Amino acid sequence: LGLPSEALELLICSTTMAPTENPFKWLFLAQLQSGETALASYTTGIQILTANLEEQNDRVDVVKQQIAKAYCGIAELYLTDLCYEEAAEQSCEAAISAALAAHEGSLDACQ
């Protein structure tokens, strides 16, 4: 709370030491980063969540919601930090489509 630089340092340390444990740390890390670095963190978190989806028997819907939210984070990056990228508009639309595919009816994706 109120210590983003310390949080960033701890999250980077955690992702380095145990990159595939707890995919949510990648999503938290992405929120503290910007541009391509944030995109890479969101992508890693999504990959880990998706790979572990089958193991989440009673939490599949919750995990799908988190995947959709992560894709919305990527879309937001293309509306802000990465808006000058050559294919920003298409990448943003692709991220929203992926969010809706991950969790149909995602309120985050529909906003």
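Overview of the structure. (Residues numbered from 1 in each chain as written. Predicted model: local features only at pLDDT ≥ 70, side-chain atom pairs only at ≥ 80, totals over all residues. Heavy atoms only, no water.)

1. Thoughts on the overall build of the chain
What the chain contains, in helices and strands, is six helices and zero strands. Written out in order from the N terminus, the α and β elements of the chain read α-α-α-α-α-α. Taking 2.2 N^0.38 as the reference for a compact globule, 111 residues should give roughly 13 Å; the C-alpha atoms of the chain span a radius of gyration of 14 Å, in line with that estimate. For the chain, the proportion of its 111 residues judged to be buried stands at 35%. Considering the chain, the positive charge centre built from 4 side chains and the negative charge centre built from 16 side chains are found 11 Å apart. (Helix = DSSP H or I, 4+ residues; strand = E, 2+ residues; numbered from the N terminus. Rg over C-alpha atoms; globule rule 2.2 N^0.38 Å. Buried < 20%, exposed > 50% of the residue type's maximum accessible area, 1.4 Å probe, protein only. Lys, Arg positive; Asp, Glu negative; His and termini not counted. Charge placed at Lys NZ, Arg CZ, Asp CG, Glu CD.)

2. Here's the deal with the side chain of His103
On the secondary structure map, His103 appears in the loop between helix 5 (88-102) and helix 6 (107-110). Every residue in contact with His103, bar those within four places of it in the chain, is listed here: Asp61, Lys64, Gln65 and Ala68. (Contact = heavy atoms within 4.5 Å.)

3. Some remarks on the packing of helix 1 (residues 4-17) against helix 2 (residues 24-32)
Where helix 1 contacts helix 2, the axes come no closer than 10 Å and their chain directions differ by 140°. Taken together, the axes of helix 1 and helix 2 lie oblique to each other. Two packed elements cross with a definite hand, and for helix 1 against helix 2 that hand is left-handed. Note on element contacts: helix 2 touches helix 1 through Lys25, Trp26, Phe28, Leu29 and Leu32, opposite Pro4, Ala7, Leu8, Leu11, Ile12, Ser14 and Thr15. Residue composition of the contact of helix 1 with helix 2, grouped by class: nine nonpolar, two polar and one charged. (Axes fitted to C-alpha atoms, helices over the stretch in contact; angles between N-to-C directions. Parallel < 35°, antiparallel > 145°, perpendicular 65-115°, else oblique. Left-handed = near helix turned anticlockwise from the far one by under 90°. Nonpolar A, V, L, I, M, F, W, Y, C, P; charged D, E, K, R; others polar.)

4. Some words on unusual backbone geometry
Glycine aside, residues mostly have negative phi angles, and peptide bonds mostly take the trans form. The backbone of Asn22 shows a phi angle near 55°, a positive value even though the residue is not glycine. Within the secondary structure, Asn22 sits in the loop between helix 1 and helix 2.

5. Let's talk about the environment of Pro4
Residue placement: Pro4 occurs in helix 1. Pro4 gets classed as exposed once you look at its relative accessible area, which sits at 51%. Placed 54 residues apart in sequence, Pro4 and Asp58 show a C-alpha to C-alpha distance of 33 Å.

6. Concerning the nonpolar core
Residues Leu39, Tyr42, Ile67, Ile74, Leu77 and Tyr78 are the most contacted members of the largest nonpolar core, which totals 20 residues. Mapped by element, the contributors of at least two residues to this core are helix 2, helix 3 (35-51), helix 4 (60-79) and helix 5. For this core, the element with the highest residue contribution is helix 4, accounting for seven residues. With residues up to four places along the chain from it excluded, the contact list for Leu77 reads Gly35, Ala38, Leu39, Tyr42, Leu82 and Cys83. (Core = buried A, V, L, I, M, F, W, Y, C linked by side-chain atoms within 4.5 Å.)

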